[in-house]
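Coordinate inspection notes
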Amino acid sequence: MLRTHTCGELRAEQVGQSVTLCGWVDTYRDHGGGLFVDLRDRYGLTQVVFNPPDSSAEVIEASKSLRSEYVLAVEGNVAERPTGMANPKLATGAIEVRVTRFRLLNKSLTPPISPSSLELPGEDLRLKYRYLDLRRREMQQTLMLRDRLIKQMRDYFAEHDFLDVETPVLGRSTPEGARDYLVPSRVHPGSFYALPQSPQLYKQILMIAGYDRYVQVARCFRDEDLRADRQPEFTQLDLEMSFVDADDIMNLLDGLVVRLAKQERDIDLSVPLPRMTYAEAMDRFGHDAPDLRFGLELVDCTDLAAEAEFRVFSSVANSGGKVRCINAKNGTKHYSRRGIDALTKFVGDYGAKGLAWFRVEEDGKLNSTIAKNFTAELLAKFAQRMEAEPGDLLLFVADRWEVTCKALHALRTKMGREMKLYDPQSMHFSWVTEFPMFEYDDEAERWTAMHHPFTAPLEEDLPLLDQQPGKCRAQAYDLVINGSEAGGGTIRIHDAGTQQKVFGLLGIDEQTARSQFGFLLEALQYGAPPHGGIALGIDRLVMLFGQLENIRDAIAFPKTQRAADLMTEAPGEVDLQQLRELGLRIRLDD
RNA sequence: GGCGCCGUAGCUCAAUUGGUUAGAGUACUGGACUGUCGAUCCAGUGGUUGCGGGUUCGAGUCCCGUCGGCGUCGCCA
């Protein structure tokens, strides 16, 4: 070993010991007669001192050439710092190492971004020089948080008899869902593997195989556009269980969440975690993953709007649309006329054609540029419905139900943050259940699976499969943290008949079903147990527990918005010989 | 694919309605300094203002295009 201790380890108890530390020069302070270095490794910082009398003149002279990020092994004596010289900011601040000898293990070029700098470098540079960025304390802490979360999960599920089984990365492309990443086959020219969007089918097969509790930390791939919380490759804690219902899965996960919240945030959660149906979530919040840390709930005013002379309201209300409202308590203080204009522009991004607003005056009356289009009686009804009080700001969106959901949810989220209606450090955990089985795709003019095609309907809704698929609810559950979908799962279909019926509804004809999922349909006929599972987005959990603004900060080597790795410059071109072996030719036209 | 923000010294940023030789902090180089911890003090080096075109007497600033980073809509079972 080149070292006896780490740079985060030494305390007053070690005073008098002779030690050797290895690390990087975080900062150095040259005083002419002597020199101080804060030596860094992933465990912390220790001040090492090149001063007489411990350091000889030769050692001090040699120390003058040290620069940022040089790699050292220093040998010296642990000493209590002189009176008044302790540094309370450092865990090792009571002591220092007085260097008797040191070895320069490696030099460094002047780093383009400095790990010790207080200024955050541009993100492109951080990604290009990721090895320097990862030396920063914040990144170290994030990766350690990530490690703790994953270790806790593995421990928890191991305690519950789960078996970690690996599943293939090279699989086959399936028609539903996100765009696949494809890998050409050399052995089968013209054929392609697909990288898994999730290990979904394999874990169901494992249940049929009798491995009744499966867990895996699985890498998943989806070739879709990136977002602040979305990467093309991401990591899931994936699990599946046999002989369980939705409550069993949620109860099991409750236990995990309690443990993680306690360990990482010292939050004492009571179980079961709150549960809300999809229908209620959409009614009250317009979203299937509502942030329950604050109110600003949506209120339906369609019936009142239908009576209004205001055409925007009445025409929407009388043609099947919805008029829904948020009451921003004391909102007039936060949003001036110009502020409201900005909110109007904001909801436009979500398809809302406008934002109708009323201020609640001191006398309790609603006032607005559009007030003249309403009778006093009707305004009073709105005020009563919205429990309006002086200073409140009422904001209405009148549109198709879907648009009112999207626009008002986005508005609610934005205003909750801007009006500081909750402590951004706080965390709230809940479940949303009973999702619809199907969504209607207007473009494709057919039903699509809301979760995936293997999701089991609620038993009581089974008859709806034939008559009203849109009303059929699924045995599905999403774990929601702070308005973010942290995970989701379902109970699966375990009989081939129901599975074929669902495929039929989704427009997956028998031949397609057989060619794409034939192995599953076949397997379901060999004693498939009832089963279900869930997957947690580990990157998002790291974001949430670490209060990170974007998913890249939760991942050691993330990709940019254009799905590139700035360090390795992936993706890259390949030479013609490789293409030839794969039977591929590049077309650069169109 | 659409919309928006950003790109100036190695790094983080500034530069008035379009107006002289594009500045500051930091880093770097040299010097001073025996207790600093964002050390301090003195001096110095460092610029194709992402790239290409246009408007103008004059462009870091305005316009068009393009490249890159970020956010967002669509997309993401």
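The rules behind the values
- Residues numbered from 1 in each chain as written.
- Chains lettered and ligands numbered in written order.
- Predicted model: local features only at pLDDT ≥ 70, side-chain atom pairs only at ≥ 80, totals over all residues.
- Heavy atoms only, no water.
- Helix = DSSP H or I, 4+ residues; strand = E, 2+ residues; numbered from the N terminus.
- Buried < 20%, exposed > 50% of the residue type's maximum accessible area, 1.4 Å probe, protein only.
- Contact = heavy atoms within 4.5 Å.
- Axes fitted to C-alpha atoms, helices over the stretch in contact; angles between N-to-C directions.
- Parallel < 35°, antiparallel > 145°, perpendicular 65-115°, else oblique.
- Left-handed = near helix turned anticlockwise from the far one by under 90°.
- Core = buried A, V, L, I, M, F, W, Y, C linked by side-chain atoms within 4.5 Å.
- Domains from an automatic or database assignment.
- Pairing = 2+ DSSP bridges.
- Near = heavy atom within 4 Å.
- Polar contact = N/O pair within 3.5 Å; in protein donor to acceptor, adjacent residues only side chain to side chain.
- Nonpolar A, V, L, I, M, F, W, Y, C, P; charged D, E, K, R; others polar.
- Patch = residues over 30% accessible without salt bridge, like charges linked within 9 Å, V, L, I, M, F, W, Y side chains within 5 Å.
- Areas by Shrake-Rupley, 256 points an atom, 1.4 Å probe, with all protein chains shown as cover.
- Salt bridge = Lys/Arg side-chain N within 4 Å of Asp/Glu carboxyl O.

This part covers the environment of Tyr211. Here Tyr211 shows up in the loop between helix H5 (200-208) and strand E9 (213-221). Residue Tyr211 is classed as partly exposed on the basis of its relative accessible area of 43%. Between the C-alpha atom of Tyr211 and that of Leu163, which follows or precedes it by 48 residues, the distance is 7.6 Å. In this structure Tyr211 touches Leu163 and Leu206, once residues within four positions along its chain are discounted.

Turning next to the side chain of Gln516. Topologically, Gln516 is positioned in helix H16 (residues 510-523). Each residue touching Gln516, except ones within four places of it in the same chain, is listed here: Arg172, Ser173, Thr174 and Pro175.

So, on to the packing of helix H11 (residues 337-348) against helix H13 (residues 401-418). The geometry of H11 relative to H13 is characterised by a closest axis approach of 9 Å and an angle of 135° between their N-to-C directions. Relative to H13, the element H11 is oriented oblique. Helix-helix and strand crossings are classified by hand; for H11 and H13 the assignment is right-handed. Here H11 contributes Leu343, Phe346 and Val347 to the contact with H13, which in turn contributes Ala407, Ala410, Leu411, Lys414 and Met415.

Among the nonpolar cores identified, the biggest contains 76 residues, and Met153, Phe157, Leu239 and Leu253 are the most heavily contacted of them. Split by domain, the residues of this core number at least three in each of domain 2 (138-275 + 479-489 + 529-585) and domain 4 (435-474 + 495-528). Met153 has contacts with Leu237, Leu256, Leu260, Ile538 and Leu541, leaving out every residue within four places of it along the chain. Counting residues in each nonpolar core, the second largest holds 26 residues, with Leu304, Ala371, Leu379 and Leu394 among its members.

The next subject is the sheet that holds strand E20 (residues 476-481). Strands sit in the order E6-E9-E10-E22-E21-E20-E17-E11 across an open sheet of eight strands; the sheet is mixed. Both outer strands of the open sheet, strand E6 (163-164) and strand E11 (275-277), are each paired with one neighbouring strand and no more. In this structure, strand E21 (residues 484-491) lies alongside strand E22 (residues 531-537), joined through five bridges in antiparallel fashion. Bridging from a neighbouring strand, Gly489 pairs with Ile534 of E22. Running over the sheet, H5 touches E9, strand E10 (233-242) and E22 and is turned about 20° from E10.

Moving on, we come to the protein's contact with RNA strand B. Taken together, 50 residues sit near RNA strand B, with Met85, Glu96, Gly122, Ala449 and His451 positioned nearest. Those atoms of RNA strand B that come within 4 Å of the protein belong to sugar or phosphate at a rate of 53%. At 2.9 Å from a phosphate oxygen of RNA strand B is found a side-chain nitrogen or oxygen belonging to Lys406. Those elements that provide at least two residues to the surface near RNA strand B are strand E1 (18-30), strand E2 (35-41), strand E5 (95-106) and helix H2 (123-128). The dominant element in the surface near RNA strand B, judged by the number of residues it contributes, is E1, at four residues. Here the surface near RNA strand B is composed, by residue class, of 15 nonpolar, 16 polar and 19 charged.

Now for the domain arrangement of chain A. Split into domains, chain A comes out as domain 1 (12-106), domain 2 (138-275 + 479-489 + 529-585), domain 3 (294-421) and domain 4 (435-474 + 495-528). For domain 3 and domain 4, the distance between their C-alpha centroids amounts to 39 Å.

With that settled, consider a nonpolar patch on the surface. A contiguous nonpolar surface patch, about 300 Å² in accessible area, is contributed by Tyr131, Phe557 and Met567. Tracing the chain through its elements places Tyr131 in helix H3 (residues 130-133).

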